[in-house]
Amino acid sequence: MKNLSGDERKLLIIQGFDILAASLAGIFVTVFFFAHGDLKTTTLYNIAAFASMTFFFGSSGLLLRYFSSGTLMKVSLVAGSLFYLLLFFLKENSISYVIPLGILSGFSGGIFWATYNLNQYILTHSGSRISYFGWGGAIFNLANGLGPALGGLIITLVSKTSLGIINGYLMLFLLVAIINGITIFIIGKLPSHGNLQFSYHHIWQHRRSERWKLVLAQNAVLGLYDVAIGTVTGILLYVILKNEAVLGLVLTMASLFGMIASLYAIPLLKKHPSAFWIGSIGSAVSIIIFALFQSPIGVWLYIAISGFTVPMLTNKLSTVYFHTVDEAEGSWQHKYHLLLERDIILGLFRTISYIGLFILLGFGSEIQLAKSWLLLLPIMPILIGFLIKKSIAA
């Protein structure tokens, strides 16, 4: 990390705290809605969340005219804290409010990532982005690994007291709200930057290069499976393992594998730029194995193969995206429409993926249909690999 600037390190610290908060409760919000409703309840929540997130991605261009990116990031974290506090107070009645809760969660995520991505583009350097995204992946996986294990432990320990399992979930949600509050103070250390020269007309009127069209296609395909698969595999893991603490441990191990691979991806991608194919093929193979083998062995094979390979693909996706933005004419103040266009495409296709899953679940046994749905996904990371290869050659 010594070759990263001080601002790049601050961004990684902010990301680490945000991911830690999200991972502490993320999978358990999914399980909480599933336990008190069903898989369709969880899917409906995610439709609302990602539709809202996409809308607020789009709105960020307008908001950034009047508020600094740091202020908006702080507001998003306040909204995130409010989301978890509402879960804390509503308890099992939360399933009656999955749509408004999803909208609030989407507002928090949309504003945070729109402004965070802007700061990433401004403050990172093109020559160090493989290292930056490699360390970012490692910190993501470290925070993502600590969260589920600690979250599962909190739920399990509280459930063994007179408070019961529901209060275990609620204590976890309260802790996440507090962590979001701490992150707000860290954001204050980011440097300020100038105003954007942005208009929504830029999105419709700008001339898209062949490489930029391929970047948008990569993110459209990614959106069709990257978050929906997390929801489905999270539920299936819970059904297989039947214990929150064990679920947390498994997810922690998956993140540990991902952290190791993220660090190894830095020298590997520098030496062999085509190593992203390891992530494309590994992701496809791991999905097939998990769909066909719904057992503890299948679980461990899935997390090991995906954990050790997928970071090669995600690192390349991010670096290709930012390098393509670099190639566009003008200063960063004139490029926000590119970041916004990519975020909208990604959010739109994530919403579509959940709508498709929600419709599919109405045709029979939810768990069986979810397993079958997984078998449709392996083509996605392979297709992304071909799109990356084509964008490099463009």
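For the structure given in this document, a descriptive report is provided here.

Quick word on the pattern of salt bridges
Moving on, step 1. Scanning the entire structure with this criterion turns up five salt bridges.
Moving on, step 2. Ionic pairing is found between Arg 350 and Asp 226, a salt bridge with its closest N-O pair at 2.5 Å. Here Asp 226 lies in the loop between helix 8 (210-223) and helix 9 (228-241) and Arg 350 lies in helix 13 (residues 336-360), a separation of 124 residues in the sequence.
Moving on, step 3. Its relative accessible area of 14% is what places Arg 350 among the buried residues.

Structural notes on the packing of aromatic side chains
Moving on, step 1. A full pass over the atoms with the stated rule returns 17 aromatic pairs.
Moving on, step 2. Both rings, one in Phe 56 and one in Phe 107, keep their centres 4.8 Å apart while their planes meet at 85 degrees; by these two values the pair is edge-to-face. In this pair, Phe 56 sits in helix 2 (residues 39-63) while Phe 107 sits in helix 4 (residues 98-123), placing the two residues 51 residues apart along the sequence.
Moving on, step 3. These aromatic residues form a ring-pair network of at least three members: Tyr 121, Tyr 132, Phe 133, Trp 212, Tyr 321 and Phe 322.

A short note on the environment of Leu 236
Moving on, step 1. If you trace the backbone, Leu 236 turns up in helix 9.
Moving on, step 2. Along the sequence, Leu 236 and Gly 282 sit 46 residues apart, while their C-alpha atoms lie 20 Å from each other.
Moving on, step 3. Setting aside chain neighbours within four positions, we find Leu 236 in contact with Phe 290, Gln 294, Ile 367, Lys 371 and Leu 374.

Thoughts on the packing of helix 2 against helix 4
Moving on, step 1. The contact between helix 2 and helix 4 brings their axes to 6 Å, and the two run at 40 degrees. Comparing the axis directions of helix 2 and helix 4 gives the class oblique. Taken as a pair, helix 2 and helix 4 cross one another with a handedness that is right-handed.
Moving on, step 2. In the contact of helix 2 with helix 4, the residues fall into 16 nonpolar, eight polar and no charged.

Side note on helix 8
Moving on, step 1. Here helix 8 is 14 residues long and its end C-alpha atoms lie 20 Å apart, about the 20 Å a rise of 1.5 Å per residue gives.
Moving on, step 2. Counting buried positions along helix 8 gives 11 out of 14 residues, so the element sits mostly inside the fold.
Moving on, step 3. Where helix 8 is concerned, the buried positions are Arg 211, Trp 212, Leu 214, Val 215, Leu 216, Gln 218, Asn 219, Ala 220, Val 221, Leu 222 and Gly 223.
Moving on, step 4. Buried residues in helix 8 make contact with helix 12 (296-327), helix 13 and helix 15 (379-393).

The rules behind each value
Residues numbered from 1 in each chain as written. Predicted model: local features only at pLDDT ≥ 70, side-chain atom pairs only at ≥ 80, totals over all residues. Heavy atoms only, no water. Salt bridge = Lys/Arg side-chain N within 4 Å of Asp/Glu carboxyl O. Helix = DSSP H or I, 4+ residues; strand = E, 2+ residues; numbered from the N terminus. Buried < 20%, exposed > 50% of the residue type's maximum accessible area, 1.4 Å probe, protein only. Phe/Tyr/Trp six-rings, centres within 6.5 Å; stacked < 30°, edge-to-face > 60°. Contact = heavy atoms within 4.5 Å. Axes fitted to C-alpha atoms, helices over the stretch in contact; angles between N-to-C directions. Parallel < 35°, antiparallel > 145°, perpendicular 65-115°, else oblique. Left-handed = near helix turned anticlockwise from the far one by under 90°. Nonpolar A, V, L, I, M, F, W, Y, C, P; charged D, E, K, R; others polar. Expected span 1.5 Å × (residues − 1).

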